[in-house]
Amino acid sequence: ETANKAVFSFLFLKQDLPPCYCINMEIETQTSAPDWKIGIALASQYIEERGWKVVFSFTKDSMAEFAKKKITVNSRHPLKIRYYVLLHEIGHAIDMDSIFYSSVRERAGPRYNTLAYRVETVRSEFEAWDKGKLLALTNNWPMDKTYLDIQAKFLSKYMDWVNNRKNKKVKK
């Protein structure tokens, strides 16, 4: 079963398959405290080998920019959160490098800034977190159960944005 997961993960991350919305890998408690600096180095090396640049910035928000092939991670976060955010942004980069990729804005088309667009954005964010988790678990990089808490914290901001009924621009 473990071998099957490794093969699936390899194909998935190489983008030989369309995106999968069901990732069922468990986060196990490691026997020693994870070294987040090593995790950052391994994740950075992984994506840089694929032609992307990783930048840490105190002034910019975290994001993956396809046109520049650049991932920016906000350095104001503690080291562990920087690592998990880097994994998340790599999840976006994996999507962007896929032949199946189209941006959320492209998928929404003329319905940009609608409720459907916002929901699609949240779906894309969930996928990026799942892909980051899968990448770390597949490669035996540092991971602990707080990943899910950190993921929930970041995703809750998007969910609040989706549910913001005060914004007059959002159409159903």
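Please read all numbers here as calculations on a predicted model, not as lab measurements. (Residues numbered from 1 in each chain as written. Predicted model: local features only at pLDDT ≥ 70, side-chain atom pairs only at ≥ 80, totals over all residues. Heavy atoms only, no water.)

A.B. asks: Provide a residue-level description of the environment of Ser62, including the pertinent values.
C.D. replies: Structurally, the position occupied by Ser62 is in the loop between strand E1 (53-57) and strand E2 (63-65). A sequence separation of ten residues divides Ser62 from Thr72, and the C-alpha atoms of the two residues are 5.0 Å apart. Setting aside chain neighbours within four positions, we find Ser62 in contact with Thr72, Val73, Asn74, Val85 and Glu89. Reaching out from Ser62, the side chain makes a polar contact with the backbone nitrogen of Asn74 at a distance of 2.9 Å. (Helix = DSSP H or I, 4+ residues; strand = E, 2+ residues; numbered from the N terminus. Contact = heavy atoms within 4.5 Å. Polar contact = N/O pair within 3.5 Å; in protein donor to acceptor, adjacent residues only side chain to side chain.)

A.B. asks: Can you explain the packing of helix H3 (residues 79-96) against helix H5 (residues 115-138)? Please cite residues and give values.
C.D. replies: Axis separation between H3 and H5 bottoms out at 7 Å; the angle between their running directions is 110°. When the axis of H3 is compared with that of H5, the two are roughly perpendicular. Of the residues in H5, those touching H3 at Tyr83, Tyr84, Val85, Leu87, His88, Ile90, Gly91, His92, Ile94 and Asp95 are Ser124, Glu125, Glu127, Ala128, Trp129, Lys131, Gly132, Leu135 and Ala136. Counted by class, the contact of H3 with H5 contains ten nonpolar, five polar and four charged residues. (Axes fitted to C-alpha atoms, helices over the stretch in contact; angles between N-to-C directions. Parallel < 35°, antiparallel > 145°, perpendicular 65-115°, else oblique. Nonpolar A, V, L, I, M, F, W, Y, C, P; charged D, E, K, R; others polar.)

A.B. asks: For the sheet that holds strand E3 (residues 70-74), give the residues involved together with the corresponding values.
C.D. replies: Ordered by their spatial adjacency, three strands build an open sheet running E1-E3-E2, and the pairing between neighbours is mixed. Edge positions in the open sheet fall to E1 and E2, since each of these has one partner strand only. When strand polarity is set aside, the average angle formed by the axes of neighbouring strands in this sheet is 20°. Bridge count between E1 and E3: five bridges; the pairing is parallel. (Pairing = 2+ DSSP bridges.)

A.B. asks: Help me get a handle on the nonpolar core, residues and values and all.
C.D. replies: A general feature of soluble globular proteins is that nonpolar side chains tend to end up buried together. One finds Ile71, Tyr83, Tyr84, Leu87 and Ile90 to be the most contacted residues of the largest nonpolar core, which totals 29 residues. Listing elements by their share of this core, those giving two or more residues are helix H2 (36-48), E3, H3, H5 and helix H6 (146-162). Looking at this core element by element, the count peaks at ten residues for H3. Among residues more than four places away in sequence, those in contact with Ile90 are Ala43, Tyr46, Ile47, Ile71 and Leu135. (Core = buried A, V, L, I, M, F, W, Y, C linked by side-chain atoms within 4.5 Å. Buried < 20%, exposed > 50% of the residue type's maximum accessible area, 1.4 Å probe, protein only.)

A.B. asks: Give me the environment of Thr72: which residues, what numbers.
C.D. replies: Among the secondary structure elements, Thr72 is positioned in strand E3. Judged by its relative accessible area of 2%, Thr72 is buried. When the C-alpha atoms of Thr72 and Ser57 are compared, they prove to be 6.8 Å apart, with 15 residues separating the residues in sequence. Dropping the residues within four chain positions of it, Thr72 is found in contact with Val55, Ser57, Lys60, Asp61, Ser62, Met63, Glu65 and Glu89.

A.B. asks: Talk me through the packing of aromatic side chains; I want residue IDs and the actual numbers.
C.D. replies: Under the definition given, this model contains nine aromatic pairs. Judged by centre distance (5.4 Å) and plane angle (40°), the ring pair of Tyr83 and Tyr84 falls under tilted. Both residues of the pair, Tyr83 and Tyr84, count as buried. Between the aromatic rings of Trp129 and Tyr147, the centroid separation amounts to 5.5 Å while the plane-to-plane angle is 70°, which identifies the pairing as edge-to-face. Here Trp129, found in helix H5, pairs with Tyr147, found in helix H6; they are 18 residues apart in sequence, far enough to count as distant. Taking relative accessible area as the criterion, Trp129 reaches 2% and is therefore assigned buried. (Phe/Tyr/Trp six-rings, centres within 6.5 Å; stacked < 30°, edge-to-face > 60°.)

Note that all results are geometric; they support no functional claim without further evidence.
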